[in-house]
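This is what each chain is made of:
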Amino acid sequence: MGKTALVVGASGIVGNATATLLTQRGWAVHGLARNPAAQDGVKPVAADLRDAAATATALKGVDPDAVFITTWLRQDSEAENIRVNSAMVRNLLNGLPAPTRPRHVALVTGLKHYLGPFEAYGKGALPQTPFREEQGRLDVENFYYAQEDELFAAAARDGFTWSVHRPHTVIGKAVGNAMNMGTTLAVYATLCRETGRPFAFPGSAAQWNGLTDMTDAGQLAEQMLWATGTKAAQNEAFNIVNGDIFRWEWMWSRIAQWFGVEPAPFDGTPRPLEEQMAGDAGLWRTIAQREGLAEPDLARLASPWHTDADLGRPIEVVTDMSKSRRLGFTGYRATDDAFFALFERLRADRLLP
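Here's a quick rundown of the structure. Only a predicted model underlies this, so the values are computations on that prediction, with no experimental measurement involved.

**Comments concerning the pairing of strand β1 (residues 4-8)**
Argument step 1. Of all 5 residues that make up β1, 5 are buried, and the element is covered over most of its length.
Argument step 2. Of the two faces of β1, the one holding Thr4, Leu6 and Val8 and the one holding Ala5 and Val7 are both buried throughout.
Argument step 3. By the bridge criterion, 5 bridges tie β1 to strand β2 (residues 28-33) in an arrangement that is parallel. Across the sheet, Val7 pairs through a bridge with Gly31, a residue of β2.
Argument step 4. In the classification by handedness, the crossover that spans β1, the intervening helix α1 (residues 13-24) and the parallel β2 is right-handed.
Argument step 5. In this sheet, strand β4 (residues 66-69) lies alongside β1 in parallel orientation, the contact comprising 4 bridges. Residue pairing for β4: Val7 is matched across the bridge by Phe68.

Right under this line is the structure:
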């Protein structure tokens, strides 16, 4: 018999890519979301993980070989992030029927494990780059740590194996996602082309000039699937990036060229997208109506606050991948190609003109 997976957050950037990969590899896939979107080969499971009883009811009869936790809910403070997101992991793992065969649970967190939460982002005593998995937790409250602790406790109780995956900023397609740099930059470039506004880098000089990396959603999905079937990867945490490094000075011109806009010279002054795009909702709706686009609501495509947070960091961010490489994971994606593949898909799906 084939294997069965539960993808939690199946409508998000990472969940969508993971469900797609699993169905391509012949898995039977259940896709859990509050409002599941139709996806080929995926059986929808509607559940709000904040509701323990409803989650348990929704998961009756679901006995997966592997669970992929790819979701979280942003709150107004880190204390609330911890309370809500740890409860979601706890309710999920408590609500699943007890394993009847070996089970693996993969949890997606991210580089805020090393950088700290949004309230303390990139501040205080940070580990040296490149970030490595053996670098311990920061001495700050962090909902990623709380999620991990729920995972570890449930694994000790129920006997499943686990893995934790820490991507950098993820490139992939999703509508209504809170952290979506690729689509945000695509929409911003489209607006600049429409209006003749300069395609101005929104972030810091440290990001413009320094080295960085990113994570394609498909690359992350490949690593999670690898960890699920690799004994040496059980009960381990892994960084996951594409495998290349770049400077935004170079990438910004690559993205500009793809959209046919001229990149504005960067003078070291941050120009946040939240300010640049603050009045663009009506213009985007006009473009969407004129071009017959599938999503006229700018807020469901772009997340300027998140792109500003990433590109505004005052420090260089580079991630080490040696741990999983030594154990046999050899996936690689060129980040400019990942962006271009996303842009092509957004056009094919009528989300961009």
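Now that the structure has been shown, we can carry on.
**Quick word on the packing of helix α6 (residues 181-195) against helix α12 (residues 304-311)**
Pairs of packed helices are described in terms of their axes, by the angle between the two and the distance that separates them.
Argument step 1. Between α6 and α12, the least distance of the axes is 9 Å, while the angle of their chain directions is 105°. By the angle class used here, α6 and α12 are roughly perpendicular. The segment α6 lies against α12, with Met181, Thr184 and Leu185 engaging Pro304, His306, Thr307, Asp310 and Leu311.
Argument step 2. Partitioning the contact of α6 with α12 into residue classes produces 4 nonpolar, 3 polar and 1 charged.

What counts as what
- Residues numbered from 1 in each chain as written.
- Predicted model: local features only at pLDDT ≥ 70, side-chain atom pairs only at ≥ 80, totals over all residues.
- Heavy atoms only, no water.
- Buried < 20%, exposed > 50% of the residue type's maximum accessible area, 1.4 Å probe, protein only.
- Helix = DSSP H or I, 4+ residues; strand = E, 2+ residues; numbered from the N terminus.
- Pairing = 2+ DSSP bridges.
- Right-handed = clockwise from strand over helix to strand, strands pointing away.
- Axes fitted to C-alpha atoms, helices over the stretch in contact; angles between N-to-C directions.
- Parallel < 35°, antiparallel > 145°, perpendicular 65-115°, else oblique.
- Contact = heavy atoms within 4.5 Å.
- Nonpolar A, V, L, I, M, F, W, Y, C, P; charged D, E, K, R; others polar.

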